[in-house]
Amino acid sequence: MSNLFANQAPLLRTKTAPAAAALIASAGIIYGLVLCCINSLETFAVSFLAVLLAAILALWTFVRMAVKENDRGLLVTGAACMTAIIIVTVMPEGLPASFHVYRSFVAAALIIGLCVATLCSAVYRLLGSTPVAFDNSRYPILILPIVIALISYGMILFVLCLNGLPQISWQLISTPYDPANAALRGILNDILGTFMLMLLTSIISLPVGVGAGIYMSEYGGRIAGIIRFSTMLLRAMPVVVLGLAAYGVARMAYDTAWQGILAPDPTIMIGRGTFLLASAFLSLLVIPVITRATEEGLRSLPRDLREGSLAVGATEGYTLLHVLLPWSLPNILTGLLLGCAEVAGNVTVIVLLCGFGNYGVTPFTEATSLAHFIYKVMFADRSFRMSMGNYVYAVSVILLIITLGLTIVYLVLRNKFAERYRAH
Amino acid sequence: MRRSWPRALSFMLGIIPVLLLLLVIGVAVWFSSLTFYRVGWGELFSFYYQNYRQGGWWEFGLLPSIMGTLYVVLLALAISLPVSLAIAVYASEYASGAVGRVLRTILGTLAGIPPIIYGLTSFIFLGFFVSPSFTRVKTVVDLAAPPLHPILDQQKSAILGGIMLALMIIPFMAPLIDEAIRNVPARLKEASLALGAGKWHTIGHIILPHALPGIIGACALGCFKAMGDLIIVAFTCRSNGQLPQPWWDVSNLSPLTGTIGWLSGILYPALLGKNDLTLSVSYFSTLVLLGMALIVLGLATLLQRWFRKKYTA
Amino acid sequence: MPATVEIKHLSVSYNGTNVVKDVSFEMPAGKVTAIIGPSGCGKTTLLRSINRLSELTKNCRVQGEIMVDGENVLKMDTVLLRRKVGMVFQQPNPFPKSIKENVLYGIKAAKIKTDHSDIVKSSLQKAVLWEELEHRLNESALNLSIGQQQRLCVARSLAITPEVILMDEPASALDPVSTLKLEESIQSMKGDVTLVIVTHNMQQAKRVADYTAFIYRGELIECNETEKIFANPDRSETRDYLEGKFS
Ligand SMILES: Nc1ncnc2c1ncn2[C@@H]1O[C@H](COP(=O)(O)OP(=O)(O)OP(=O)(O)O)[C@@H](O)[C@H]1O
Ligand SMILES: [Mg+2]
């Protein structure tokens, strides 16, 4: 067999052409991003694309002469360039206005895509056209989306802190809210309510989730299948379904024996629910998380530990309490942390149940939470917006501190226990 | 069968989620019963949606909203899937150990941002896609003095909704894909590299196909989250439930959740507790949404099973 | 064209503990060199540092020189190196694709334009697999028996005309008949390609190898012509090992 690599193309020596191409492409990427942000720049897109096309064509002719390989990349780049120019120029003015939004979006997307492709090829040539250079030249494709996404998250956090941090004061945090009293304009109720929701949800979902997880992984059978199916459904359930169902239950609880437990005093609006009811429905979000954590923990239990316990004559209950649960406890607790973060931030489930929290924060009073504060300001109550609207960013920052704090603790603990649960 | 207390106890606890699930579905069916005999199926699954708030006359065609949900969710996936793939591939194949770990930690933390925060700050991204009436105006958003009202109705757009939903689901999808990539057997990767295939070729031809079940699972999760979200949609999409004018202007669509929010009074508190029929239709819409989620779940499970079978002996 | 592999003062360490210690020897072009030694002595490590797969292990450090065809491996482009130096693993690891795609994988990855059916045929013939699989080329490779899978892996690495093929205990998962077939295919490759084969089976080394190297605790004890090693080794450790006094 003769060597297949004998007549492969010689390596390109010159670096100026690809370096220039790389520069133009980088500029094009930045330009595309700016075009995304400021739509009116699209008028400049035409000239830019024309220059880009000319530059790319010129460079590539040069490169091709040097390399004597026919490059499919050239055709694709050229075609994309042409399409972008046509899209941006040919679009008549008379079309519905929103079409122009698409127009600049498409133009920006094409410019960015095109420039990333050019950048990749240029880097490939710059690095010497070797196969490893090819692998390394793909970095822009991976880095660019990551950078854009991280910038977006950064902007969100930045804007929140910019607007929220100056508003936070001890007075805001330590004063409860009462619509009837102008002196009481704080968010203490909401903070306490958030913690009350997390506490009650944990109390409800911990035993239920752990029980379901243990039953599924230890006993099996038809019922375990049903439980597994329903936790899967809960995981797939669109949250808004839970929200409306919670509201429905609160309405049905009026004038029944459940009134004091699920729905607060009837003088408050029909449909409002207590912390207990809100937590019961929020726990439907947390139960699947805990169930999975329990199952994972139990599955990673070393075989000999369990069999050893049963072999020395321990009863099933003893094994459960002294071997299974202690082993999977860290896993369950970290799962619970994640669930609590979700509970603190979720509005959709409790959106119709919550009020202002001015009747106190106990399991049987009207629910409220920090996340719901934002909803109230933005959608529900005009007078509330008048009095508390200025604090919406401060509340967001406090909410974010709680949820991000919980997720960070979760990450730290999980890394700590990762070794233990890796094998199964 | 021997009965022991752990078994009995875990059975009693484990059956609770099943009962709660039945309760949820039962309540939704109970409240939507009014819809079943006051609004016909033909009207529900038509394109005609009208609300005349004062006159109290309604028409409930849900198809525009269903279209809106499809559009918004697909847009969110179209944005979040490439980004999540890039993050996962970069973290597990390209980045050095430390950089990968930092990236994973950042994403893990971002998963804690509540949806309402994305909604509240969505005005930042208004500049990306100004709505029709602002088309020719350069939108410079004043970050230090944000609007105290939700984005104006004319400024809302399903594209903005798709972007914000994508940002919300990326921190959930990327770790799943990352895990799927790391679970690809090392022997296949080594075999590919030993045959002189480059890293990029190996990723495209061996690693990603093998991680496909995991990627599908991640997409399904993203779908469920984006489908059920009401609060981001409320901030970013027009929630009037009507077919957009002109019909192809998809940025004007309202997803099902927006319509639910409107009809149930979540986004239009004046309606809260006043109109039983609109409330009932919103319960019916949640059932429709649940059905869509079930279809996605079934499809995802089927595809996952199919690909697993294909890639293991 | 077969190439000579020269190893000069090679040391490999995991987390700072030396596993291969200052090994130097030569594997002549076109010949079969067997590497024998007790389990854990560093044979796999040695082999994986020749085609730089060792770089996939994060804590692995390689020092010294490895020359393939007079070129230092550590300075080469890894992809080009691995096209020159193929590898067959201990466990057969075919891709979950069709037999044909498995054979053509390297060709397609390298974007070489040649007659594909020719390559499939000649590679499978060299791996003594053509007669069995002639009519099943589009079936999934996962349906093959383990022995066939391993020979498919040999065919797969032959398809890109490597100069060297490294085999890490290629027969350890196979039954005697499959092992014989594999050896048959090794014989048919002799002269076209330099073969390095790690084995625990002394008889196999005797049957197929021209040269044999004995490694013990990371050090090269002896490397010589196979007949010489088996009949009359220079070092007493080698004799002890061959006589099964330790393992
Ligand atoms: N990734 C690794 N990290 C740390 N030590 C390793 C690693 N891989 C191998 N080792 C150690 O290096 C030594 C040599 O391993 P190697 O796999 O090369 O042995 P071997 O000769 O191939 O053995 P066998 O015949 O059983 O396959 C062993 O002691 C092993 O424990
Ligand atoms: Mg070995």
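These numbers were taken from a predicted model, which means no experiment stands behind them. (Residues numbered from 1 in each chain as written. Chains lettered and ligands numbered in written order. Predicted model: local features only at pLDDT ≥ 70, side-chain atom pairs only at ≥ 80, totals over all residues. Heavy atoms only, no water.)

(A) Here's a closer look at the environment of Leu262 of chain A. Residue and element names in this part refer to chain A. By the element assignment, Leu262 lies in helix α11 (residues 259–262). Considering only alpha carbons, one finds Leu262 and Leu197, 65 residues apart in sequence, at a separation of 14 Å. Among residues more than four places away in sequence, those in contact with Leu262 are Val249, Ala253, Gly273, Thr274 and Leu277. (Helix = DSSP H or I, 4+ residues; strand = E, 2+ residues; numbered from the N terminus. Contact = heavy atoms within 4.5 Å.)

(B) Spotlight on the site of ligand 1. Residues and elements named next belong to chain C. Around ligand 1 sit Tyr14, Val19, Ser39, Gly40, Cys41, Gly42, Lys43, Thr44, Thr45, Thr57, Glu169 and His200, and that is every residue in its neighbourhood. Thr45 places a side-chain nitrogen or oxygen 2.5 Å from an oxygen atom of ligand 1. Take His200: an N or O atom from its side chain is 2.9 Å from an oxygen atom of ligand 1. The biggest single contributor to the shell around ligand 1 is helix α1 (residues 43–50), with three residues. Class assignment for the residues of the shell around ligand 1 results in three nonpolar, seven polar and two charged. (Near = heavy atom within 4 Å. Polar contact = N/O pair within 3.5 Å; in protein donor to acceptor, adjacent residues only side chain to side chain. Nonpolar A, V, L, I, M, F, W, Y, C, P; charged D, E, K, R; others polar.)

(C) Highlighting the packing of helix α7 (residues 186–194) of chain B against helix α8 (residues 199–210) of chain B. Residue and element names in this part refer to chain B. In contact at an axis separation of 10 Å, α7 and α8 are set at 150 degrees when each is read in the N-to-C sense. Compared by their axis directions, α7 and α8 come out roughly antiparallel. Considering how the two elements wind past one another, α7 and α8 form a crossing that is right-handed. For the pair α7 and α8, contact is made by Leu188, Lys189, Ser192 and Leu193 and by Lys199, Thr202, Ile206, Ile207 and His210, respectively. Of the residues that constitute the contact of α7 with α8, the class distribution is four nonpolar, three polar and two charged. (Axes fitted to C-alpha atoms, helices over the stretch in contact; angles between N-to-C directions. Parallel < 35°, antiparallel > 145°, perpendicular 65-115°, else oblique. Left-handed = near helix turned anticlockwise from the far one by under 90°.)

(D) Structural context of the sheet that holds strand β6 (residues 85–88) of chain C. All names here are of chain C. Taken together, the six strands give an open sheet; going across it, the order is β6-β7-β8-β3-β9-β10, and neighbouring strands pair in mixed fashion. Here the strands that pair on one side only, and so sit at the sheet edges, are β6 and β10 (219–225). The mean angle between the axes of side-by-side strands here comes to 15 degrees, regardless of whether they run parallel or antiparallel. Contacting β6 and β7 (164–168), helix α6 (residues 146–158) crosses the sheet at an angle of about 175 degrees to β6. (Pairing = 2+ DSSP bridges.)

(E) Spotlight on the sheet that holds strand β4 (residues 60–68) of chain C. Residue and element names in this part refer to chain C. The strand order across the open sheet built from four strands is β2-β1-β4-β5, with neighbouring strands paired in antiparallel fashion. Since the sheet does not close on itself, it has two edges, and those belong to β2 (17–27) and β5 (71–72), each with one partner. Strand direction decides the pairing type here: strand β1 (residues 5–14) and β4, joined by eight bridges, are antiparallel. The partner of Ser11 across the bridge, within β4, is Gln63.

(F) Layout of the interface of chain A and chain B. Chain A puts 100 residues into the contact, and the matching count from chain B is 99 residues. Buried surface at the junction of chain A and chain B, summed over both partners, amounts to about 9,000 Å²; 79% is from carbon and sulfur atoms. Counting the surface chain A buries against chain B, the share from its top three residues, Tyr153, Leu244 and Phe379 of chain A, is 8%. Applying the counting criterion to the chain A and chain B interface returns one salt bridge. The closest approach of N and O atoms between Asp276 of chain B and Arg251 of chain A, which form a salt bridge, is 3.7 Å. (Buried area = accessible area lost by both parts, 1.4 Å probe. Salt bridge = Lys/Arg side-chain N within 4 Å of Asp/Glu carboxyl O.)

(G) Structural view of the packing of aromatic side chains. Tallying each qualifying case throughout the model produces 25 aromatic pairs over all chains. Centroid distance Tyr153 of chain A to Tyr118 of chain B: 6.4 Å. Interplanar angle 70 degrees. Geometry classified as edge-to-face. Separated into two different chains, Tyr153 of chain A in helix α6 (residues 139–164) and Tyr118 of chain B in helix α5 (residues 115–120) make up a pair that spans both. Tyr118 of chain B carries the same exposure label as Tyr153 of chain A, and that label is buried. Consider the rings of Phe307 of chain B and Tyr311 of chain B, whose centres lie 6.5 Å apart with planes at 10 degrees: the pair is stacked. Taken together, the residues span about one helical turn, with Phe307 of chain B and Tyr311 of chain B both in helix α12 (residues 276–311) at a distance of four residues. Put simply, the rings of Tyr139 of chain A together with Tyr90, Tyr94 and Trp200 of chain B touch in pairs and so form one group of aromatic residues. Geometry around Phe172 of chain B places Lys225 of chain B over its ring, the cationic atom sitting 4.4 Å from the centre. The positively charged end of Lys111 of chain C is found above the aromatic ring belonging to Phe134 of chain A, 5.2 Å away from the centroid. (Phe/Tyr/Trp six-rings, centres within 6.5 Å; stacked < 30°, edge-to-face > 60°. Buried < 20%, exposed > 50% of the residue type's maximum accessible area, 1.4 Å probe, protein only. Lys NZ or Arg CZ within 6 Å of the ring centre and 35° of its normal.)

(H) Seen up close, the packing of helix α8 (residues 188–218) of chain A against helix α12 (residues 275–299) of chain A. Residue and element names in this part refer to chain A. The N-to-C vectors of α8 and α12 enclose an angle of 40 degrees; their axes lie 5 Å apart at closest approach. Taken as axis vectors, α8 and α12 run oblique relative to one another. For the element pair α8 and α12, the recorded crossing hand is right-handed. Taken together, the residues that form the contact of α8 with α12 break down as 19 nonpolar, ten polar and two charged.

(I) Region of interest: the pattern of salt bridges. Following the criterion strictly, the structure yields 19 salt bridges over all chains and no others. Asp178 of chain B is the partner of Arg104 of chain B in a salt bridge, and the nearest nitrogen-oxygen pair spans 2.5 Å. Of this pair, Arg104 of chain B sits in helix α4 (residues 97–110) while Asp178 of chain B sits in helix α6 (residues 158–182); the two residues are 74 residues apart in sequence, bridging distant segments of the chain. Where Lys84 of chain C meets Glu71 of chain C, a salt bridge forms, and the shortest distance between an N and an O atom there is 3.3 Å.

(J) Quick look at the pairing of β4 of chain C. Residues and elements named next belong to chain C. Where β4 meets β5, two bridges bridge the pair, whose relative direction is antiparallel. Within β5, the position partnered with Val68 by the bridge is Glu71. Where β4 folds back on β5, the antiparallel hairpin that results is connected by two residues, among which Asp69 adopts a positive phi of roughly 55 degrees.

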